[in-house]
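Structure at a glance
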Amino acid sequence: MSKEKEYIEKAEENILHTYNRYQIVLDHGKGVRLYDVEGKEYLDFAAGIGVQSLGYGNPEYTEALKTQADKLTHISNLYYSVPMMEAAEKARRASGLEKVFFTNSGTEAIEGALKVARKYSYTKYGPERYEIIAMNHSFHGRSMGALSVTGKEAYRTPFEPLVGGVRFADYNDLESVKAQITDKTCAIILETIQGEGGIYVASEEFLRGVRAICDEHDLLLILDEIQCGMGRTGYMFAWQEYGVEPDVMTVAKALGCGVPVGAFAVGKKAAETSLVPGDHGTTYGGNPLVCAAVSKVLDIYEKEHITEHVQKVGAYLTRKLDDLVDKYDFLAERRGKGMIQGLEVTGRPVGEIVNRALEQGLIIITAGTNVLRFLPPLVITEADVDEMAEKLERSF
Ligand SMILES: *Cc1c(COP(=O)(O)O)cnc(C)c1O
């Protein structure tokens, strides 16, 4: 038996089987490439599900982590630290929002955002106004709260009853959102681009319309930017392209480029009238180690003009994927923006294509039931896009 097979058997012996993992054991990475324990090289167009935006082994990032690890990794939120102060200042500047709360994951950022919305409404209108409108085909996480607003029944059903007061509407359908509004509604939550659900981009009309509804009824608009944020669309946050500002935004995935950190950020309204001391907390959240990472990530984004780079190379990726759709009948359409893209596949199982791509040395993932998903590190070049397309065509 190969060393790789042995490792996989050992892992399956001990790890609770909640994932059907691809049959490779990854060992190290460099730039936009990953290497398995047998030394095989892969071009990575998944980036650890949209996390490794700077690729692997960025020397400045790694150095910042090592330095902070030597100094201090954790102190709890009972005290201040310089990395947290710096990370919060930079995150606030990048988002243009008012205040930031650091969490350990995207899911926890969603939990915090939902609590912000409930508390805002409770403070202003009392306990009877608590309903949240979420979208069908959305994904916001696996905890009981985040699952309650996740628009996929198969994920929710075995765990019911979940958090009450959630109503679902159709994404990109303003009338369907309006139909769910009652005198109990307090917030609307949606992804600016639906990721796990199959890469659906919010139309400008929809996002502006939802903002207008929220303003009219004094509802908080929560935009989940966990997958589409942090430069992936060519804007620091996807909503910035629409000129629509959320009241609460959630971020995670690429925020720490590999260390577990998320955040929710609130605008003026929610900063003034919502969580107060005693309402929310976390032991690890925003510790000096992860905040040193966030701080360095935001510095590198600025210094290396990451959003401009995504606009340029993302346009090239878009053209390349459109060419593939023209060329192959089983590719129904391309959806997405910049470096969050999906190809809808008809009449062929997407899992098979992904497995064949792995054989060709290309890492891609799926979304929804029939979509090939592309979330490369944001530092890819046009040559990497060409190589991806060649490898993908060979796996067709
Ligand atoms: C991944 C994801 C989450 C959950 O984040 P975790 O870090 O896995 O908890 C929530 N919302 C969106 C849009 C995501 O892509």
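Basis of the calculations
Residues numbered from 1 in each chain as written. Predicted model: local features only at pLDDT ≥ 70, side-chain atom pairs only at ≥ 80, totals over all residues. Heavy atoms only, no water. Near = heavy atom within 4 Å. Polar contact = N/O pair within 3.5 Å; in protein donor to acceptor, adjacent residues only side chain to side chain. Areas by Shrake-Rupley, 256 points an atom, 1.4 Å probe, with all protein chains shown as cover. Nonpolar A, V, L, I, M, F, W, Y, C, P; charged D, E, K, R; others polar. Core = buried A, V, L, I, M, F, W, Y, C linked by side-chain atoms within 4.5 Å. Buried < 20%, exposed > 50% of the residue type's maximum accessible area, 1.4 Å probe, protein only. Domains from an automatic or database assignment. Contact = heavy atoms within 4.5 Å. Buried area = accessible area lost by both parts, 1.4 Å probe. Salt bridge = Lys/Arg side-chain N within 4 Å of Asp/Glu carboxyl O. Helix = DSSP H or I, 4+ residues; strand = E, 2+ residues; numbered from the N terminus.

A few words now on the site of the ligand. All residues adjacent to the ligand are S105, G106, T107, F139, H140, E191, D224, I226, Q227 and K253. Contacts to the ligand include T107, whose side-chain N or O atom sits 2.5 Å from an oxygen atom. When the ligand sits alone it has 380 Å² of accessible area, and the protein chains cover 82% of it. Split into classes, the residues belonging to the shell around the ligand amount to two nonpolar, five polar and three charged.

Our focus in this paragraph is the nonpolar core. Buried together is how nonpolar side chains tend to be arranged in soluble globular proteins. Residues F45, I188, L190, M230, L372 and L392 are the most contacted members of the largest nonpolar core, which totals 79 residues. Counting residues domain by domain, this core receives three or more from each of domain 1 (3–57 + 305–395) and domain 2 (72–303). Each residue touching L372, except ones within four places of it in the same chain, is listed here: Q341, G342, L343, V345, V350, I353, V354, I364, I365, L392 and F396. With 21 residues, the next largest nonpolar core counts I110, I132, V149 and I226 among its residues.

With that settled, consider the domain arrangement of the chain. Where interface size is given, it is often the accessible area lost as the parts come together that is meant. Looking at the chain, the domain boundaries give domain 1 (3–57 + 305–395) and domain 2 (72–303). Distance between the C-alpha centres of domain 1 and domain 2: 26 Å. Counting residues at the interface gives 28 residues for domain 1, matched by 28 residues for domain 2. Across the interface of domain 1 and domain 2, roughly 2,300 Å² is buried in total on both sides, 59% from carbon and sulfur atoms. If you sort the residues of domain 1 by the area they bury against domain 2, L54, K337 and I340 come out on top, with a joint share of 27%. Viewed at the interface, domain 2 and domain 1 are joined by two salt bridges. Among the ionic pairs, E241 bridges to K337, the shortest N-O distance being 3.1 Å. The interface formed by domain 1 and domain 2 includes 15 residue pairs in polar contact (both at pLDDT 80 or more). Listing elements by their share of the side of domain 1 that touches domain 2, those giving two or more residues are α2 (47–50), α12 (306–327), β13 (331–337), β14 (340–345) and β17 (371–374). Residues belonging to the side of domain 1 that touches domain 2 are distributed by class as follows: 13 nonpolar, 11 polar and four charged.

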